[in-house]
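# A look at the structure
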Amino acid sequence: MNDNKIDELLQNFKEANLKPLWTLEHDVMPFSPKPNAIPWLWKWNKLYELAEDAGELITLEKGGDRRAIALANPGLGGMPFATETLWTAVQWLNGKEVAPAHRHTSQAIRFIVDGAGSYSTVEGDRVYLERGDLVLNPPMLWHDHGSDSDERAIWIDGLDIPLTKYLNANFFEHLHQDVQEVDTVKNYSILKYGAGTMKPAWERQKPMYPPISTFKWAKTEQALMDLAKSGDACPHDDIALEYINPITGSSVMKTFSCWIQMIRPNVHTQAHREVCSTVYFVFEGSGYSVIDGIRFDWQQGDLFVVPNWKLHEHVNTSEERAILFSLNDRPTMEALDKYREEKYQENGGHQEIKSVF
Ligand code: GTQ
Ligand code: FE2
């Protein structure tokens, strides 16, 4: 009798486009994060081979704009996203090619794999690209990429496209010309702000985004080596540096942060988990990471993903340094007061390996 009435009530809710919490179990408020993204790894050989094929077959016409090939996490139902918040792509630019100027609300970075003779112009500031450089592209700044050489350039793109889409905050515009005018000297922002610890004395503003468009590899590498000499290291990430806005100390982007880290030979870090997702690019060396009990062996050029709240630890199995570049959405979590971290205390901080990817 009562049951029939309850069934009727539920039917009435449905017809009225209502859903009572007591029928939802913990789908909407789980006890801990349940990401759809899954731990995954993309091999460099395959990425390179396919990007090279795209370089031959796909031209850069207005509409496509970029020969960028996105990591599509198999847990995300075919969406071109590495995690629920982060877009990561491999971009291939042929020699003498121009990727035309556009701008958008999505925040972007490029980490250069190989770039001889190529450049990126961000809001009129043209910077020449070299392996290991990190190029910043804050929201709504015009950017075009080009190459003066005959050689192809290849780099990793990181953007907050999925988050921007979820927030319905995407805007995108084409410039009326393919290449921006450049009326400053080459590498202008590096010459002006590249020291990192000093700024032109007459400038008083505190820019929300780093004034420098590119963090050069030579300086980044020096910083890693110097930090290693300091004797300090992070138990979870070994010699890890976050790229920051030197004037405000904040992450380079509002929605995500970029890191460079060195796992020294034979180091095995302690596992932990965090409320943020991370995409790693293996810049140098080889080793493995254990993510949620799965062992992912990696080599130079591979990309892999650690979704939210998955235990992870890194191991350098070689006698050479291993260097990982990564982006993570921790700034979003912190800004919204949702960041949490938990150290793995059992078994000396090391997960049991249940399977090998
Ligand atoms: O280079 O401007 O991977 O706008 C995705 C969107 C790269 C870029 C991407 C973009 C770009
Ligand atoms: Fe873009």
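The name recorded for the protein chain in an unreviewed UniProt entry is Gentisate 1,2-dioxygenase, from Arcicella aurantiaca.

Counted as a void, the largest pocket has a volume near 880 Å³. Taken together, 26 residues line the largest pocket, and the ones lying closest to its centre are P33, V275, N308, M333 and K338. For the lining of the largest pocket, the secondary-structure elements that each account for two or more residues are α3 (161-166) and α6 (330-335). The leading source of residues in the lining of the largest pocket is α6, at four residues. Approximately 470 Å³ is the volume found for the second largest pocket. Taken together, 20 residues form the lining of the second largest pocket, with G196, F215, K219, T220 and A223 sitting closest to its centre. Of all elements in the fold, only α4 (188-193), β12 (214-215), α5 (217-229) and β13 (239-242) reach the threshold of two or more residues within the lining of the second largest pocket. The greatest single-element share of the lining of the second largest pocket, amounting to four residues, is contributed by α5. The residue inventory of the lining of the second largest pocket, partitioned by class, reads 12 nonpolar, five polar and three charged.

Moving on, we come to the pairing of strand β14 (residues 257-263). Burial analysis of β14 places seven of its seven residues in the buried class, which makes it a mostly covered element. The side-chain alternation of β14 yields two buried faces, one formed by S257, W259, Q261 and I263 and the other by C258, I260 and M262. One ladder, built from four bridges, connects β13 with β14; its direction is antiparallel. The residue of β14 that forms the bridge with I239 is M262. With seven bridges joining them, β14 and strand β21 (residues 322-328) adopt antiparallel strand pairing. Along β21, the bridge assignment pairs W259 with S326.

Let us look at the coordination of the iron ion (ligand 2). Within the protein, the iron ion (ligand 2) binds to H102 (NE2), H104 (NE2) and H143 (NE2); these donor distances fall in the range 2.1 Å. Sequence spacing of the donor residues for the iron ion (ligand 2), all on one chain, is H-x1-H-x38-H. The exposure class assigned to H102 is buried, which follows from its relative accessible area of 4%. Judged by its relative accessible area of 8%, H104 falls in the buried class.

What follows concerns empty space enclosed by the protein. Applying the stated criterion to the full structure yields one cavity of 30 Å³ or more. Its volume calculated, the largest cavity comes out at about 80 Å³. Around the largest cavity, the lining residues are D237, W259, Q261, H272, E274, C276, T278, Y280, H312, S326, N328 and R330. Where the lining of the largest cavity is concerned, the elements lending two or more residues are β14, β15 (272-274), β16 (278-284) and β21. The class makeup of the residues in the lining of the largest cavity is three nonpolar, six polar and three charged.

Right, let's talk about the site of ligand 1 for a bit. All residues adjacent to ligand 1 are R66, A68, W87, A89, Q91, H102, H104, R110, H143, H145, D157 and L159. In this structure, an oxygen atom belonging to ligand 1 sits 2.7 Å away from a side-chain N or O atom of D157. Computed on the free molecule, ligand 1 has an accessible area of 290 Å², of which 91% lies beneath the protein chains in the complex. Within the residue set of the shell around ligand 1, elements represented by two or more residues are β3 (87-93), β4 (98-104), β9 (143-147) and β10 (153-159). In terms of residue class, the shell around ligand 1 is built from four nonpolar, five polar and three charged.

The rules behind each value
- Residues numbered from 1 in each chain as written.
- Chains lettered and ligands numbered in written order.
- Predicted model: local features only at pLDDT ≥ 70, side-chain atom pairs only at ≥ 80, totals over all residues.
- Heavy atoms only, no water.
- 1 Å grid on protein atoms, 1.4 Å probe; cavity = no way out; pocket = protein on both sides within 12 Å on 5 of 7 lines; lining within 4 Å.
- Points joined across faces, edges and corners; volume = space filled by probe spheres on them.
- Helix = DSSP H or I, 4+ residues; strand = E, 2+ residues; numbered from the N terminus.
- Nonpolar A, V, L, I, M, F, W, Y, C, P; charged D, E, K, R; others polar.
- Buried < 20%, exposed > 50% of the residue type's maximum accessible area, 1.4 Å probe, protein only.
- Pairing = 2+ DSSP bridges.
- Donors = N, O, S within 2.8 Å, 3.2 Å for Na, K, Ca; no water.
- Near = heavy atom within 4 Å.
- Polar contact = N/O pair within 3.5 Å; in protein donor to acceptor, adjacent residues only side chain to side chain.
- Areas by Shrake-Rupley, 256 points an atom, 1.4 Å probe, with all protein chains shown as cover.

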